[in-house]
Amino acid sequence: MKIENVVASTSLGQELDLNKIEDSLEGAEYNPQQFPGLVYRLKEPKTATLLFRSGKIVCTGGKSYNEVKAAITKVAKDLEKAEIMITIEPKIEVQNIVASSDLGQEINLNTVAITLGLEKVEYEPEQFPGLVYRLDDPKVVVLLFGSGKMVCTGAKVPQDVVRAVDKIAAELRDAGLMA
């Protein structure tokens with residue numbers, strides 16, 4: 001399993017002057033006609049942070065919770081350099097983890113769709129080459145491709161991704177669809 005993206009949010013507990021921030025921070029982009037938030041990209045860790053007037057922040061692109069935390073900490077320090085004082089410790093909440101995995105063998109998606117049951121699975125190869133499998137526990141969505149590669153989205157903690165991959169692999173083995 002490889003975490004590709006962690007999306008997290010927080011709040012600074014105060015309103016932000018996005019025009020002032022755009023003027024103060026190199027690389028900040030604010031075009032309210034196109035998008036209501038300011039986009040601030042960091043090179044290290046390589047992330048994009050969306051700042052909203054309400055003080056809400058969304059950070060995307062981190063490969064781990066620690067990278068997201070480092071990015072939000074850096075953004076807060078950069079804001080303070082721009083004379084915007086942050087008075088609270090931002091509480092970071094993971095909204096979504098996107099991870100990839102590989103079962104290590106090709107899978108017949110038509111057979112998988114029939115075997116796993118249509119109430120959990122969507123498979124329309126004319127529309128999209130992957131099978132969409134919605135799990136209830138953990139509550140994630142897995143895209144399964146004929147190559148055996150998978151993308152898991154919707155997890156809040158990395159353990160949910162591991163559980164989802166293990167669960168799908170076990171179901172495929174139990175159904176005789178995977179060695």
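A quick note: this is a predicted structure, and the numbers were derived from the prediction, not measured. (Residues numbered from 1 in each chain as written. Predicted model: local features only at pLDDT ≥ 70, side-chain atom pairs only at ≥ 80, totals over all residues. Heavy atoms only, no water.)

### Here we look at the packing of aromatic side chains
Aromatic rings considered in pairs are described by the distance between their centres and by the relative angle of their planes.
Part 1 of the reasoning: A complete count under the given rule lists two aromatic pairs for this structure.
Part 2 of the reasoning: With a centroid separation of 5.8 Å and 65° between ring planes, the pair formed by F128 and F145 is classed as edge-to-face. Note that F128 is positioned in the loop between β7 (121-122) and β8 (131-135) and F145 in the loop between β9 (140-144) and β10 (149-155), a separation of 17 residues in sequence. (Phe/Tyr/Trp six-rings, centres within 6.5 Å; stacked < 30°, edge-to-face > 60°. Helix = DSSP H or I, 4+ residues; strand = E, 2+ residues; numbered from the N terminus.)

### A word on the layout of surface pockets
Part 1 of the reasoning: The volume enclosed by the largest pocket comes to roughly 200 Å³.
Part 2 of the reasoning: Forming the walls of the largest pocket are Y65, K69, I72, T73, A76, K77, E80, I86, I88, E89, P90 and I92.
Part 3 of the reasoning: Of the residues belonging to the lining of the largest pocket, the class tally is seven nonpolar, one polar and four charged. (1 Å grid on protein atoms, 1.4 Å probe; cavity = no way out; pocket = protein on both sides within 12 Å on 5 of 7 lines; lining within 4 Å. Points joined across faces, edges and corners; volume = space filled by probe spheres on them. Nonpolar A, V, L, I, M, F, W, Y, C, P; charged D, E, K, R; others polar.)

### Structural notes on the pairing of strand β6 (residues 93-102)
Part 1 of the reasoning: Of the pairings in the sheet, the one linking strand β1 (residues 2-11) to β6 comprises seven bridges and is antiparallel in character. Opposite I3, over in β6, you have A99 as the bridge partner.
Part 2 of the reasoning: When β6 meets β10, the two strands line up antiparallel, connected through five bridges. For S100, the partnering residue across the bridge sits in β10 and is V151. (Pairing = 2+ DSSP bridges.)

### What about the sheet that holds β7?
Part 1 of the reasoning: With antiparallel pairing, 10 strands are arranged side by side in an open sheet as β2-β3-β4-β5-β1-β6-β10-β9-β8-β7. Pairing within the sheet leaves two strands with one partner each, and these edge strands are β2 (28-30) and β7.
Part 2 of the reasoning: In the sheet, β1 pairs with strand β5 (residues 56-62) via five bridges, with the strands oriented antiparallel. Along β5, the bridge assignment pairs V6 with G62.
Part 3 of the reasoning: Along the sheet face, helix α2 (residues 65-81) touches β1, β3 (38-42), β4 (47-51), β5 and β6 and points at about 115° away from the line of β3. (Contact = heavy atoms within 4.5 Å. Axes fitted to C-alpha atoms, helices over the stretch in contact; angles between N-to-C directions.)

Structural measurements only, silent on function.
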